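Coordinate inspection notes
If you want the building blocks of each chain, they are given just below.
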Amino acid sequence: MKIQIINGPNLNLLGKREPSVYGNTSFTDYFLVLKQRFPQIEFSYFQSNKEGELIDKIQEVGFDFDGIILNAGAYTHTSIAIADAIAAVKTPVVEVHISNVHKRESFRHHSFLSTNCKGVILGFGLDSYRLAVESFLS
Ligand code: DQA
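Residues numbered from 1 in each chain as written. Predicted model: local features only at pLDDT ≥ 70, side-chain atom pairs only at ≥ 80, totals over all residues. Heavy atoms only, no water.

**Brief notes about the sheet that holds strand β5 (residues 119-122)**
- Within the open sheet, the five strands sit side by side as β2-β1-β3-β4-β5. Their pairing is parallel. Either end of the sheet is taken by a strand with one partner, and the two such strands are β2 (42-47) and β5. Across the sheet, the mean angle from the axis of one strand to that of its neighbour is 20°, orientation sign disregarded.
- Bridge count between strand β3 (residues 67-71) and strand β4 (residues 93-97): three bridges; the pairing is parallel. Across the sheet, the residue bridging to I68 is V93, located in β4. (Pairing = 2+ DSSP bridges. Helix = DSSP H or I, 4+ residues; strand = E, 2+ residues; numbered from the N terminus. Axes fitted to C-alpha atoms, helices over the stretch in contact; angles between N-to-C directions.)

**Quick word on the site of the ligand**
- In the region of the ligand, the neighbouring residues are R17, Y22, N71, G73, A74, H77, H97, I98, S99, V101 and R108.
- A distance of 2.6 Å is found between an oxygen atom of the ligand and a side-chain nitrogen or oxygen belonging to S99.
- In this structure, R108 approaches the ligand through a side-chain N or O atom, which is 2.9 Å from an oxygen atom.
- Isolated, the ligand exposes 320 Å² of accessible area, and the fraction of that covered by the protein chains is 99%. (Near = heavy atom within 4 Å. Polar contact = N/O pair within 3.5 Å; in protein donor to acceptor, adjacent residues only side chain to side chain. Areas by Shrake-Rupley, 256 points an atom, 1.4 Å probe, with all protein chains shown as cover.)

**Some thoughts on the pairing of β4**
- With respect to burial, β4 is a largely interior element, five of its five residues being buried.
- Here β4 shows two buried faces, one formed by V93, E95 and H97 and the other by V94 and V96.
- At this point the chain moves from β3, through helix α4 (residues 80-88), to the parallel β4, and the crossover so formed is right-handed. (Buried < 20%, exposed > 50% of the residue type's maximum accessible area, 1.4 Å probe, protein only. Right-handed = clockwise from strand over helix to strand, strands pointing away.)

**Here's the deal with the pattern of salt bridges**
- In the structure shown here, the tally under the stated rule is seven salt bridges.
- Between K2 and D64 there is a salt bridge, with its nearest N and O atoms 3.3 Å apart. Residue K2 is found in strand β1 (residues 2-7), and its partner D64 is found in the loop between α3 (51-61) and β3; the two are separated by 62 residues along the sequence.
- Owing to a relative accessible area of 48%, D64 belongs among the partly exposed residues under this scheme.
- Across the pair R130 and E134 runs a salt bridge whose closest N-O atoms are separated by 3.2 Å. On the criterion of helical spacing, the pair formed by R130 and E134 is a turn pair, its members being four residues apart in helix α5 (residues 127-137).
- Each member of the salt-bridge network shares a partner with another, and the members are R104, E105 and R108. (Salt bridge = Lys/Arg side-chain N within 4 Å of Asp/Glu carboxyl O.)

Given below as structure tokens:
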């Protein structure tokens, strides 16, 4: 099984960025844990701060991989273009957020992506990514 994880803007700063909201662990460290936990899965990881690069990656893997786990960061709340890319591909996409966006500012309550996703997992810290992986196994 091939799963692509895609992280959007500012998620390259995990571990340093607002640790009270996003924790102290870098995604590089967490990715090692995830790969050890699911040795049977072939993971790929991509992060970009640029909307178009996120769309390019969704298009690139979206007819080949078994699943995409997408944390589009703030683009979640703004990007019709990423929503269209999710709708355009065959690979199911699970939307993930580290924080519980519904407990935060109201502008984070709406996602343009959710209606085109298989499901949404949010609010469990980095463990949200593990839960998203589990969703592809069941
Ligand atoms: C986030 C929530 C978004 O609102 C925010 O812009 C992020 C991270 C999360 O993982 O909790 O960058 O997607």
